[in-house]
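Summary of structural features
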Amino acid sequence: MGVDGTWRRSCILVDASASGAKLEVEGSTDPLKAQEFFLVLSSTGSAFRRCELIWVDGSHVGVQFVTAKTKAKTNAGKHLVSSQ
């Protein structure tokens, strides 16, 4: 599901680890190019993981689970460039 709740895709969890997963997505993978989304793991929505898109291969996608630790690494890699 989109972080903003505006889109949803059904998928099959093909493989998972502590840090990420491989999903088979039904329908277009275009909305996933938003880079971050929620993988809802229960019908009630009470179990979910925030994910970052890592790769796309047809209907299969690889995601990394976003945690405070992975988010800090991503933000540390971004630098502001000032024009002086």
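Attention in this report is confined to the structure presented alongside it.

1. Observations concerning the environment of Ala47
Tracing the backbone shows Ala47 in the loop between β3 (36–40) and β4 (48–57). Exposure remark for Ala47: the relative accessible area of 31% places this residue in the partly exposed category.

2. What about the pairing of β4?
In the sheet, β3 pairs with β4 via 5 bridges, with the strands oriented antiparallel. Residue pairing across strands places Glu36 opposite Glu52, the latter belonging to β4. Two strands pair when backbone bridges link them, and β4 and strand β5 (residues 60–65) are joined in this way by 6 bridges, in the antiparallel orientation. Paired with Val56 across the bridge in β5 is Val61.

3. Considering the nonpolar core
In terms of nonpolar packing, the biggest core is built from 12 residues, these being Trp7, Ala21, Leu23, Val25, Leu32, Phe37, Leu39, Cys51, Leu53, Val61, Val63 and Phe65. Elements with a contribution of two residues or more to this core: β2 (20–25), β3, β4 and β5.

4. Side note on the sheet that holds β2
By definition, the strands of a sheet pair up through backbone hydrogen bonds, in either a parallel or an antiparallel sense. Across the sheet, 5 strands lie side by side as β1-β2-β5-β4-β3; this open sheet has antiparallel pairing. Two strands close off the open sheet at either side, each with one partner strand: β1 (11–16) and β3. Sheet twist, expressed as the average angle between the axes of neighbouring strands with direction ignored, equals 40°. One ladder, built from 5 bridges, connects β1 with β2; its direction is antiparallel. In the sheet register, Cys11 faces β2, and the bridge partner there is Val25.

5. Points about the pairing of β2
The two faces of a sheet get side chains in turn, since along a regular strand they alternate between them. Connecting β1 to the antiparallel partner β2 that follows it, the hairpin turn spans 3 residues. With 5 bridges joining them, β2 and β5 adopt antiparallel strand pairing. For Leu23, the partnering residue across the bridge sits in β5 and is Val61.

6. A look at the packing of aromatic side chains
Scanning all chains against the criterion turns up 1 aromatic pair. With a centroid separation of 5.4 Å and 90° between ring planes, the pair formed by Phe38 and Phe48 is classed as edge-to-face. Of this pair, Phe38 sits in strand β3 while Phe48 is found in strand β4, placing the two residues 10 residues apart along the sequence. For Phe48, a relative accessible area of 45% corresponds to the partly exposed category. Across from the ring centre of Phe65, 4.2 Å away, lies the NZ or CZ of Arg49, which sits over that ring.

What counts and how
Position numbers for residues start from 1 in each chain and track the written sequence from start to end. It should be noted that, the model being predicted, local features are given only for residues of pLDDT at least 70 and side-chain atom pairs only at 80 or more, the latter also being counted only at that level, while totals for whole chains, interfaces and linings use all residues. Hydrogens and waters are ignored; side-chain quantities use all the structure's heavy atoms. Working definition: helices are DSSP H or I runs of at least four residues, strands are E runs of at least two. Numbering for both runs from the N terminus. Relative accessibility thresholds used throughout: buried, under 20% of the residue-type maximum; exposed, over 50%; partly exposed, between the two (1.4 Å probe, protein chains only). Two strands pair under a simple rule: DSSP has to find at least two bridges between them. Among buried residues, the Ala, Val, Leu, Ile, Met, Phe, Trp, Tyr and Cys ones that are joined through side-chain atoms within 4.5 Å form a nonpolar core. Fitted lines through C-alpha atoms serve as axes, helices being fitted only where they are in contact, and the angles separating the N-to-C directions of these axes extend from 0 to 180 degrees. In summary, the pairing rule links any two rings of Phe, Tyr or Trp, Trp by its six-membered ring, whose centres are within 6.5 Å, and it sorts them by plane angle into stacked for under 30 degrees, edge-to-face for over 60 and tilted for everything else. A ring has a charge above it when a Lys NZ or an Arg CZ is no more than 6 Å from the ring centre and no more than 35 degrees off the ring normal.

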